[in-house]
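Coordinate analysis (summary)
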Amino acid sequence: RSFLSVPLIARDDLIGVFYLGSNKVDAYSQRHVALAERIGRQIAGTVAVAHLYAESVQMRSNMEASRARFAGILDIAADAVISVDQMQQITLFNQGAEQIFGYSAREVIGQPLNCLIPERSRTVHSQLLTQFIDDPDFSRMMGERREVFGLRKGDIEFPAEASISKMEFDG
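As a starting point, this report considers the structure included with it. The structure displayed is predicted, hence computed values, not measured ones.

Next up on the list: the overall build of the protein chain. Looking only at helices and strands, the protein chain features 5 helices and 6 strands. Counting from the amino terminus, helix and strand elements in the protein chain follow one another as β-β-α-β-β-α-α-α-α-β-β. The C-alpha atoms of the protein chain give a radius of gyration of 30 Å, which is well past the 16 Å a tight globule of 171 residues would have. Taken along the three principal axes of its C-alpha coordinates, the protein chain extends 95 × 30 × 25 Å. Taken across its 171 residues, the protein chain has 20% of its residues classed as buried. Carbon together with sulfur atoms contributes 55% to the accessible area of the protein chain, which is approximately 12500 Å² in total.

In this structure, Ile90, Phe93, Ala97, Phe101, Tyr103, Ala105, Val108, Leu113, Leu116, Leu129, Phe132 and Phe158 together form the largest nonpolar core, which totals 12 residues. Apart from the residues within four sequence positions on either side, Ala105 is in contact with Phe93 and Glu98. Membership of the second largest hydrophobic core comes to 6 residues, among which are Leu4, Leu8, Phe18 and Ala44.

For the rest of this paragraph, the subject is the pairing of strand β6 (residues 156-162). In this structure, strand β5 (residues 146-152) lies alongside β6, joined through 7 bridges in antiparallel fashion. Counterpart to Gly150 in the pairing with β6 is Phe158. The turn linking β5 back onto β6 is made up of 3 residues, and Gly154 within it adopts a positive phi angle of 90°.

We now examine the pattern of salt bridges. One pass over the full model with this rule turns up 3 salt bridges. In this structure, Glu107 and Lys153 form a salt bridge, with 2.7 Å as the shortest nitrogen-oxygen distance. Here the residue Glu107 occupies a position in helix α3 (residues 105-108), and Lys153 occupies one in the loop between β5 and β6, the gap between them amounting to 46 residues. You can call Lys153 partly exposed: its relative accessible area is 40%. A salt bridge links Glu157 to Arg120, with the nearest nitrogen and oxygen atoms 2.6 Å apart. Of the two residues, Glu157 is situated in strand β6 and Arg120 in the loop between α3 and α4 (122-134); the sequence distance between them amounts to 37 residues.

As a further point, take the pairing of strand β4 (residues 90-93). Note that strand β3 (residues 82-84) and β4 share 3 bridges and pair antiparallel. Each bridged residue has a counterpart across the sheet, and for Ser83 the counterpart in β4 is Leu92. If you look at the hairpin formed by β3 and β4, you'll find 5 residues sitting between the two strands, and Gln88 has a positive phi there, around 65°.

The next subject is helix α1 (residues 30-76). A rise of 1.5 Å per residue sets the reference length of α1, with its 47 residues, at 69 Å; its end C-alpha atoms lie 68 Å apart and thus fit the reference within 8%. For α1, the full list of buried residues reads Ala36, Gly40, Ala44, Ala48 and Leu74. Each element contacted by the buried residues of α1 is listed here: β1 (2-10), β2 (13-22) and β4.

This part is about a nonpolar patch on the surface. A cluster of nonpolar side chains, namely Phe3, Ile9, Leu14, Val17 and Tyr19, defines an oily patch on the protein surface of about 550 Å² accessible area. Elements that contribute at least two residues to the nonpolar patch include exactly β1 and β2. The greatest single-element share of the nonpolar patch, amounting to 3 residues, is contributed by β2. Within the secondary structure layout, Phe3 lies in strand β1. For Phe3, a relative accessible area of 57% puts it in the exposed group.

Before going further, it helps to spend a moment on the packing of aromatic side chains. Applying the stated criterion across every chain yields a total of 3 aromatic pairs. Connected via pairs of aromatic rings, a cluster forms that spans Phe93, Phe101 and Phe158. Above the face of the Phe158 ring, Arg152 is positioned so that its terminal group lies 4.3 Å from the ring centre.

Conventions and cut-offs
- Residues numbered from 1 in each chain as written.
- Predicted model: local features only at pLDDT ≥ 70, side-chain atom pairs only at ≥ 80, totals over all residues.
- Heavy atoms only, no water.
- Helix = DSSP H or I, 4+ residues; strand = E, 2+ residues; numbered from the N terminus.
- Rg over C-alpha atoms; globule rule 2.2 N^0.38 Å.
- Buried < 20%, exposed > 50% of the residue type's maximum accessible area, 1.4 Å probe, protein only.
- Areas by Shrake-Rupley, 256 points an atom, 1.4 Å probe, with all protein chains shown as cover.
- Core = buried A, V, L, I, M, F, W, Y, C linked by side-chain atoms within 4.5 Å.
- Contact = heavy atoms within 4.5 Å.
- Pairing = 2+ DSSP bridges.
- Salt bridge = Lys/Arg side-chain N within 4 Å of Asp/Glu carboxyl O.
- Expected span 1.5 Å × (residues − 1).
- Patch = residues over 30% accessible without salt bridge, like charges linked within 9 Å, V, L, I, M, F, W, Y side chains within 5 Å.
- Phe/Tyr/Trp six-rings, centres within 6.5 Å; stacked < 30°, edge-to-face > 60°.
- Lys NZ or Arg CZ within 6 Å of the ring centre and 35° of its normal.

Written out as structure tokens, the structure reads:
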């Protein structure tokens, strides 16, 4: 009887063994060994790709669950949580913000943050926000709650307390 085994190696790890057996004595030549090694590399590559795919599916599932938890936490917050990008365009508007400002997230996402600031305060607000972005010492100071005025749907001004924080990701 003859027996041939080829290790299946992917990313420097042994992931299995490819076995061949025959009832014949000396059934396998060097050509058979070389062919079995090529087949083993293909099997190992295919298994490695399948594992990577399974890992990416799991990571996507974990990310979606994390996003859902994050969205749930934001939505139960009574405070307005508003996120803007570097162009000061609204990218996130939780249910607390919807209640306070009277707009739905759909109405304001993509709009400039100034749409929630009374006209008389917009210039100063933009200057402070620019300084907040550019000056680390000023950034810490702006993290404290401050008295401001907001603009509710229907151009209704209201007093509010606000604090801002900076988090940079994806530019």
